Amino acid sequence: MPETFVEFPDSMESAALHAAEADSAGKGHLGQNLILNMGPSHPSTHGVLRIMLELDGEIVIRALPDVGYLHRGDEKIAENMTYNQFVPYTDRLDYLAPLANNVAYALAVEKLMGWTVPPRGQVIRVICCELARISAHLLGMGALAMDTGAMTVFLYIFTEREKIYNLIELLTGARFTTSYTRIGGQIRDLPPGFVEQAKEFVEQFKGKIDELDTLLTRNKIFVDRNKGIGIISREDAIDFGLTGPDLRGSGVDYDVRKARPYLTYSEYDFDIPLGSVGDCYDRYLCRLEELRQSVRILEQALNRLPDGPINVGDGKGFLPHKDKVLTKMEELIHQFILVTEGIQAPVGEVYFGAENPKGELGFYIQSKGGGVPYRLKIRAPSFVNLSILTKLLPGHMMSDVVAILGSLDFVMGECDR
Amino acid sequence: MAAPDLIASLQRQFPGKVGQGREFRDEWSVEVDREIIRAAAAYLKEDLGLNFLLDISSVDHMGDEPRYEVVYEFAGLGGPNDQQHLRVKTRVSEDDASVDSIVSVFQGADWHEREVFDMMGITFNGHPDLRRILMWEGYPYHPLKKDFPLEGLPSDMPGEGGFSRVSPMEGGPFVAPPAPPPKIGDAPTTVREPRAHPAAHPEKPV
């Protein structure tokens, strides 16, 4: 038996005796601190996050997050393939919003190339991003609700996500791994009937947001579990580089869609919700309001969808249409060169950040010319947002850790890359 | 203050230690000496209002001297230079692959620097807890170096269990026999890796 073993008190009297002894010894607490290994396979870690927690009773006094269980070496892989070949890998970053990742990656490489997608293509991308945002926020909120004791919401949101997946399937042919964009455009235009179905979805979804609101926002248990828990101060949020709803929950007005507008975001009428306290409840409220704002953007985008091409006109840059490849000599040559050698990028370096559901997904690309990136660094918002855990968790109860993890809303596929 | 003015301020603050700014696609980058990186980060944060550290990454220019490059992306949030972006880079040689940590200036640099260390082996002086972050503790290589092959190198797996036993299909009809393990010093990745294309090497004729 180890020397440090303390016999567990078997009655109220002996517990009081132990406590008095500990008090007089100046230790302040009974027994030893407990090291608790949470994860990597724990329902509330939403993937494979592992946290070593040092507990004094039920209070966390130290937390050491351990990431990397899902590391696939995406950046190394990217250095060994052409720009278009990397698109499917972006599906698997934030796998709750693959369309938004596709768009962010395509925009980053287009910035390197100096290309701008025609207006119709841009509006299609906005529709993609906002559908992805709704889908990802719904799951984030549903999981938070389930972790804090409200099972129903998790089932309700899956009904809505199913409708979004149907739309995405209509658009891209795949429900989950969309791989929709190419550098310089999209693989296909909106299919017939898509706009009508999307409008129908948006119209009925407004009522569903209110339903979600009613179920959670004034739910006593949910509020008790979230209000005043996991408070991130404004200064800390900026210092740790948080982005997305986690940053805005702390009251910092930073949304890439407004700060450095890309696509056509400057032309839409929408608001950026901000929190005031920075606790779990504020982050939840931000996500709820962002659903409403995404619906506003979707309505405007679906109504103003212009006609015209969806891809850049650069014949030597973007894959030609399949019909022409099969019938025309020049397009066949372009297709052959593009598929074998890839897009010929100029020498240079760019950083592009897009406002994804989890925060700012950034790509830093350094090119030395040729068809492959020399270095492609992915700034994963989940990775950065999780780095605050070491500072945030100590002082909270063990059960609050679950609420905090839920409210930070991370995806390990993106964190570990 | 626009990015060129920010660079000019940096040059005035650290004379002779800051290179010329370069513009590409409306973004400005500037190279600084590695000795001043912590002071430069503090100056950018406190005096110029670039208080948001977006990212730290690193590039391996194998064959060049100095070999490595550490890249910092700063941005301003609120304050005098709201929404300005500046990229600060510093070169690090292979013999002394270390640079001062800026965790004391930006707490968020902690994990970024651990990732750079893990992936490329550059150490950060003064980092409070410089451990591997994505690979496991005890892993012997730094996989994002250009001389590390894409398909990986064999190494011991951490601990006992999951990966230490023979897989059930091994030796069966659909399992390829294990290839001889590649070593550092073998032909470069791009020669052995069929997906890599000569276009990756402009110095060689296609």
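Residues numbered from 1 in each chain as written. Chains lettered and ligands numbered in written order. Predicted model: local features only at pLDDT ≥ 70, side-chain atom pairs only at ≥ 80, totals over all residues.

**Quick look at the overall build of chain A**
Next, step 1: Tallying secondary structure elements over chain A gives 18 helices and eight strands in all.
Next, step 2: Principal axes of the C-alpha set define a box for chain A whose edges measure 90 × 45 × 35 Å.
Next, step 3: Burial analysis of chain A (417 residues in total) assigns 51% to the buried set. (Helix = DSSP H or I, 4+ residues; strand = E, 2+ residues; numbered from the N terminus. Buried ≥ 20, exposed ≤ 12 C-beta atoms within 10 Å, placed from the backbone.)

**Re the overall build of chain B**
Next, step 1: Check the secondary structure of chain B and you find four helices and seven strands.
Next, step 2: Ordered by position from N to C terminus, the α and β elements of chain B give α-β-β-α-β-β-β-β-α-β-α.
Next, step 3: Going through the 206 residues of chain B one by one, you find that 38% of them count as buried.
Next, step 4: Counted over contacts in chain B with a minimum sequence separation of 6, partners at least 24 positions apart contribute 53%. (Contact = placed C-beta atoms within 7 Å.)

**Comments concerning the interface of chain A and chain B**
Next, step 1: With 40 residues of chain A at the contact, the number on the chain B side is 34 residues.
Next, step 2: Elements supplying a minimum of two residues to the side of chain A that touches chain B: α2 (74–78), α9 (234–239), β6 (345–356), β7 (359–370), β8 (375–379) and α15 (381–386) of chain A.
Next, step 3: By residue class, the composition of the side of chain A that touches chain B is 13 nonpolar, 15 polar and twelve charged. (Nonpolar A, V, L, I, M, F, W, Y, C, P; charged D, E, K, R; others polar.)

**With respect to the sheet that holds β6(A)**
Residue and element names in this part refer to chain A.
Next, step 1: Read from one edge to the other, the open sheet built from three strands follows the order β6-β7-β8, with strand pairing classed as antiparallel. Since the sheet does not close on itself, it has two edges, and those belong to β6 and β8, each with one partner. On average, each strand axis in the sheet is inclined to that of its neighbour by 5°, with strand direction left out of account.
Next, step 2: Bridge count for β6 against β7 is eleven bridges, and the pairing is antiparallel. Note that in β7 the partner of F352 across the bridge is F363. (Pairing = 2+ DSSP bridges. Axes fitted to C-alpha atoms, helices over the stretch in contact; angles between N-to-C directions.)

**Quick look at the nonpolar core**
Next, step 1: With 157 residues, the main nonpolar core has L99(A), A108(A), I127(A) and F74(B) as its most contacted residues.
Next, step 2: With 16 residues, the single largest contributor to this core is helix α5 (residues 119–147) of chain A.
Next, step 3: Beyond its immediate stretch of four places on either side in the chain, A108(A) contacts V350(A), F352(A), F363(A) and I365(A). (Core = buried A, V, L, I, M, F, W, Y, C linked by C-beta atoms within 7 Å.)

**Observations concerning the environment of V92(B)**
All names here are of chain B.
Next, step 1: Summarising the element assignment, V92 is placed in strand β5 (residues 85–92).
Next, step 2: Among the residues examined, V92 registers 20 C-beta atoms within 10 Å and is labelled buried.
Next, step 3: Along the sequence, V92 and Y139 sit 47 residues apart, while their C-alpha atoms lie 23 Å from each other.
Next, step 4: Residues within four places of V92 in sequence aside, it is in contact with R34, P66, Y68, V70, A97, V99 and I122.

**Looking at the packing of α5(A) against helix α12 (residues 280–304) of chain A**
All names here are of chain A.
Next, step 1: Contact geometry for α5 and α12: axes closest at 9 Å, N-to-C directions at 155°. As the angle between them shows, α5 and α12 are arranged roughly antiparallel. Judged by the twist between their axes, the crossing of α5 over α12 is left-handed. Here V123, V126, I127, E130, R133, I134, H137, G140, M141 and L144 of α5 come into contact with α12, specifically with Y284, R287, L288, E290, L291, S294, I297, L298, A301, L302 and R304. (Parallel < 35°, antiparallel > 145°, perpendicular 65-115°, else oblique. Left-handed = near helix turned anticlockwise from the far one by under 90°.)

**Points about unusual backbone geometry**
Next, step 1: Residue P66(B) is bonded to the preceding E65(B) through a cis peptide linkage, with omega at -5°.
Next, step 2: If you trace the backbone, P66(B) turns up in the loop between β3 (52–60) and β4 (68–75).
Next, step 3: Phi is positive for D409(A), close to 50°, though the residue is something other than glycine.
Next, step 4: Structurally, the position occupied by D409(A) is in the loop between α17 (398–408) and α18 (412–416).

**Regarding the sheet that holds β4(B)**
Paired through their backbone hydrogen bonds, the strands of a sheet run either parallel or antiparallel.
Residues and elements named next belong to chain B.
Next, step 1: Pairing is mixed across the open sheet formed by five strands, whose spatial order is β1-β2-β5-β4-β3. The open sheet has two edge strands, β1 (22–24) and β3, and neither has a second partner. Between one strand and the next, the sheet's axes are offset by a mean angle of 25°, whatever the strand orientation.
Next, step 2: Where β3 meets β4, eight bridges bridge the pair, whose relative direction is antiparallel. Bridge pairing in β4 links S57 to V71.
Next, step 3: Packed on one face of the sheet, helix α1 (residues 3–13) meets β2 (27–31) and β5 and runs near 15° to β2.
Next, step 4: This element, helix α3 (residues 109–120), spans β3 and β4 of the sheet and lies at about 10° to β3.

**Quick look at α1(B)**
Three- or four-residue spacings in an α-helix give side chains the same orientation, since the helix completes a turn every 3.6 residues.
All names here are of chain B.
Next, step 1: Here α1 has its buried residues at A3, L6, I7 and L10. The buried residues of α1 occupy an angular sector of 100° when projected down its axis, which confines them to one face.
Next, step 2: Of the surrounding secondary structure, the elements contacted by the buried residues of α1 are β2, α2 (37–46) and β5. (Arc of directions from axis to C-beta.)

**Concerning helix α4 (residues 98–113) of chain A**
All names here are of chain A.
Next, step 1: Over its 16 residues, α4 extends 23 Å from the first C-alpha to the last, a length consistent with the 22 Å expected when each residue adds 1.5 Å.
Next, step 2: Counting buried residues along α4, 16 of its 16 residues qualify, which places the element largely inside the surrounding structure.
Next, step 3: One or two residues past the end of α4 sits G114, with phi positive at roughly 80°. (Expected span 1.5 Å × (residues − 1).)

**Quick look at the confidence of the model for chain B**
Next, step 1: Looking at chain B, the pLDDT average stands at 80 and 77% of residues meet or exceed 70.
Next, step 2: For this predicted complex, the interface confidence comes out at an ipTM of 0.84, alongside a pTM of 0.84. (pLDDT = per-residue confidence, 0-100.)

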